[in-house]
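# Coordinate inspection notes
Single-letter residue listing:
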Amino acid sequence: MKNPLAAALFSDARSAEISEDDDIYGRLVGRWTVEVRDYEANGDVIAGSGEWAFGRVLEGRAIQDVWIAPEPAARSGIGSSGKPIRNRYGTSLRYFDTKQKIWRVIWVNPVSGVQNELTGRRVGNDIVQVGVYSGRSIRWCFRDITPDSFRWTGESLGDDAMSWNLEAEFLARRLE
């Protein structure tokens, strides 16, 4: 039996309301395997792996993803460093605000109860998303994007309000 939610949600093409230039997330559509690196304040690095899938939804007006780390086959929660990795099994919905000409991003991780709201823009070849979490500015970027790979960085603004602290880095390789 066909899933009625999937039939109503998924879209095969970008909406005509979004220009090709504004379709900054379209190149991420597909399935990715990801090396995960979480950076602790004490300098420790917790390594693991994950999966990330992106697709067009809502008549092509949005891009939704599902981010799973550790990957489904390794959901014991222990990273390659032998330390517990951060448990993430959540989704982002990114939709284009045609009036403001920016992308609105909502990330929800039911495992931890975390929700973030950001805005996304193209900066050169990168996608830069900014928001606030727990009173601190955050910046999540898709960098070094090629058809088969990208690097995602998660940063928070330092106490000096000038420097960014790298908290997480994901190295993605396309599966499909």
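Because the structure is predicted, anything quoted here is derived from the model rather than measured.

## Notes on the nonpolar core
Tyr25, Trp52, Phe142 and Phe150 are the most contacted members of the largest nonpolar core, which has 28 residues in total. When residues of this core are traced back to their parent elements, those giving at least two are β1 (30-39), β2 (45-57), β3 (62-69), β5 (102-109), β6 (114-123), β8 (136-143), β9 (149-157) and β10 (164-174). Those residues in contact with tryptophan 52, other than ones at most four positions away along the chain, are Gly30, Arg31, Trp32, Val34, Asp65, Val66, Trp67, Phe142, Phe150, Trp152 and Phe170.

## Some words on the sheet that holds β6
Reading around the circumference, β1-β2-β3-β4-β5-β6-β7-β8-β9-β10 is the order of the 10 strands in this closed barrel, with antiparallel pairing throughout. Geometrically, the sheet is characterised by an average inter-axis angle of 25° between neighbouring strands, direction not taken into account. As paired strands, strand β4 (residues 88-97) and β5 are joined by seven bridges and run antiparallel to one another. Within β5, the position partnered with serine 92 by the bridge is tryptophan 107.

## Things to note about the environment of valine 36
Tracing the sequence through the fold places valine 36 in strand β1. Assessed through its relative accessible area of 1%, valine 36 is described here as buried. When the C-alpha positions of valine 36 and proline 110 are compared, they lie 19 Å apart, and in sequence the two are 74 residues distant. Those residues in contact with valine 36 that lie beyond four places of it in its chain are Ile46, Ala47, Gly48, Ser49, Gly50, Trp67, Ala69, Arg88, Glu169 and Phe170.

## Considering the side chain of asparagine 109
By the element assignment, asparagine 109 lies in strand β5. From its side chain, asparagine 109 meets the backbone oxygen of asparagine 87 in a polar contact 3.3 Å long. There is a polar contact of 3.1 Å between the side chain of asparagine 109 and the backbone nitrogen of valine 111. For asparagine 109, the contacting residues outside a window of four places in its chain are Asn87, Arg88, Tyr89, Gly90 and Val114.

## With respect to the layout of surface pockets
Each pocket or cavity is described by its volume, and for the largest pocket that value is around 650 Å³. As for the largest pocket, its lining consists of 30 residues, of which Arg86, Arg88, Asn116, Trp140 and Glu167 are closest to the centre. Element by element, the count of residues in the lining of the largest pocket is highest for β9, at four residues. When its residues are assigned to classes, the lining of the largest pocket shows 12 nonpolar, nine polar and nine charged.

Here is what the cut-offs are and how they apply
Throughout, a residue's number is its position along its own chain's written sequence, starting from 1. At least 70 in pLDDT is required for a residue's local features to be given in this predicted model, at least 80 for side-chain atom pairs to be given and counted, and no such filter applies to totals for whole chains, interfaces and linings, which use all residues. Each side-chain value is derived from all of the structure's non-hydrogen atoms; neither hydrogens nor water enter the calculation. For our purposes a nonpolar core is just a set of buried Ala, Val, Leu, Ile, Met, Phe, Trp, Tyr and Cys residues, chained together by side-chain atoms within 4.5 Å. Residue exposure (1.4 Å probe, protein chains only): buried if accessible area is under 20% of the type maximum, exposed if over 50%, otherwise partly exposed. Helix and strand assignments come from DSSP, with helices taken as H or I runs of at least 4 residues and strands as E runs of at least 2, each series counted from the N terminus. Here, two residues are considered to be in contact whenever any of their heavy atoms come within 4.5 Å of each other. Paired strands, as defined in this entry, are two strands with at least two bridges between them according to DSSP. For helices, the fitted axis covers only the stretch in contact; all axes are lines through C-alpha atoms, and the angles between them, taken along N-to-C directions, range from 0 to 180 degrees. N or O atoms closer than or at 3.5 Å make up a polar contact, with two conditions inside protein: a donor-capable atom paired with an acceptor-capable one, and, for residues adjacent in sequence, both atoms drawn from side chains. Think of a 1 Å grid over the protein atoms and nothing else: a 1.4 Å probe that fits but is trapped marks a cavity, an open set flanked by protein within 12 Å on at least five of seven lines marks a pocket, and residues with an atom within 4 Å of a point count as lining. Grid points are joined across faces, edges and corners, and a volume is the space filled by probe spheres set on the points. Nonpolar residues are Ala, Val, Leu, Ile, Met, Phe, Trp, Tyr, Cys and Pro. Charged residues are Asp, Glu, Lys and Arg, and all others, Gly as well, are polar.

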